[in-house]
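Architecture at a glance
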Amino acid sequence: MQASEMAEEFPVVDMDSDALDAARLLAEHRLPGIVVTDRSGCPQSVLPASEVVRFLVPTYVQDDPSLAGVLNESMADRVADKLGGRKVRSLLPEEPAELPRVNSDDTIIEVAAIMARLHCPLVAVMQDRTLLGVISASRLLELALAPR
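First things first, this report covers the structure right here in the doc. As the structure is a prediction and not an experimental result, all values here were calculated from the model. (Residues numbered from 1 in each chain as written. Predicted model: local features only at pLDDT ≥ 70, side-chain atom pairs only at ≥ 80, totals over all residues. Heavy atoms only, no water.)

1. Thoughts on the overall build of the protein chain
When you go through the protein chain residue by residue, the secondary structure sums to seven helices and six strands. Its helices and strands taken in sequence order, the protein chain reads α-β-α-β-β-α-α-α-β-α-β-β-α from the N to the C terminus. Reported as C-alpha extents along the three principal axes, the dimensions of the protein chain are approximately 50 × 35 × 30 Å. Counting only contacts in the protein chain whose residues sit at least 6 apart along the sequence, the fraction spanning at least 24 positions is 55%. Of the side-chain charges in the protein chain, 14 are positive and 23 negative, and the distance between the mean point of each set is 2 Å. (Helix = DSSP H or I, 4+ residues; strand = E, 2+ residues; numbered from the N terminus. Contact = heavy atoms within 4.5 Å. Lys, Arg positive; Asp, Glu negative; His and termini not counted. Charge placed at Lys NZ, Arg CZ, Asp CG, Glu CD.)

2. A look at the sheet that holds strand E5 (residues 122-127)
Strand order across the open sheet formed by three strands is E4-E5-E6, with mixed pairing between neighbours. The open sheet is flanked by strand E4 (101-103) and strand E6 (130-136), the only strands paired with a single partner. If you compare each strand with its neighbour and ignore which way they point, the axes differ by 35° on average. Bridge count between E5 and E6: six bridges; the pairing is antiparallel. Looking at the pairing, Leu122 lines up with Ser136 of E6. (Pairing = 2+ DSSP bridges. Axes fitted to C-alpha atoms, helices over the stretch in contact; angles between N-to-C directions.)

3. Focus: the nonpolar core
Val36, Leu47, Val52 and Leu83 are the most contacted members of the largest nonpolar core, which totals 24 residues. When residues of this core are traced back to their parent elements, those giving at least two are helix H2 (19-28), strand E2 (33-37), strand E3 (43-48) and helix H3 (49-56). Ranked by the residues each element gives to this core, the list is headed by H2, at five residues. In this structure, Leu47 is in contact with Gly33, Ile34, Val36, Val52, Val88, Leu91 and Leu92, ignoring residues within four places of it in sequence. Judged by nonpolar contacts, the second largest core, of 11 residues, contains Val102, Ile114, Met115 and Ile135. (Core = buried A, V, L, I, M, F, W, Y, C linked by side-chain atoms within 4.5 Å. Buried < 20%, exposed > 50% of the residue type's maximum accessible area, 1.4 Å probe, protein only.)

4. As for the environment of Val102
As for its placement among the helices and strands, Val102 is situated in strand E4. Spatially, the C-alpha atom of Val102 lies 9.7 Å from that of Met115, the residues being 13 residues apart in sequence. Excluding its chain neighbours within four sequence positions, the residues that come into contact with Val102 are Ala3, Val111, Ile114, Val123, Ala124, Val125 and Met126.

5. Here's the deal with the pairing of E2
The buried fraction of E2 is high, at five of five residues. Side chains Gly33, Val35 and Thr37 project from E2 onto one buried face, and the interleaved Ile34 and Val36 project onto a second face that is buried too. For strand E1 (residues 12-14) and E2, the ladder comprises three bridges, and the chain directions are parallel. By the bridge assignment for E2, Val13 is matched with Val36. A crossover links E1 with its parallel partner E2, the connecting element being H2, and its sense is right-handed. As paired strands, E2 and E3 are joined by five bridges and run antiparallel to one another. (Right-handed = clockwise from strand over helix to strand, strands pointing away.)

Here is the structure:
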């Protein structure tokens, strides 16, 4: 099976999209991540939901999780405060990671290898510079575990 046959339509956001809207999209659809494109629609990065969650947690709590118990503000308040007025690009690492992408004719093993190597829950399926769709880790597992 080729990557183009495994790919599904998946929401994408532009680097200049509102970060709070992107977080809501991730939450409402329970997405493991989202593909981030440039203005022309060409994928530039994948923003994992876990990275958005990490952005919300103060660094000192990340360093010492036992401090989380002393915080009294609600998570919902912090989400709106921290993400309000920001762009998606501000959630991405300054040093861009390799884009998890596969070619439309790659096999399920090639897709799995990219996901494993990059520790990413999504890969963009590309044909030249055109995004055909996305393969999520759960979709890959579904196909790999399907009875033959």
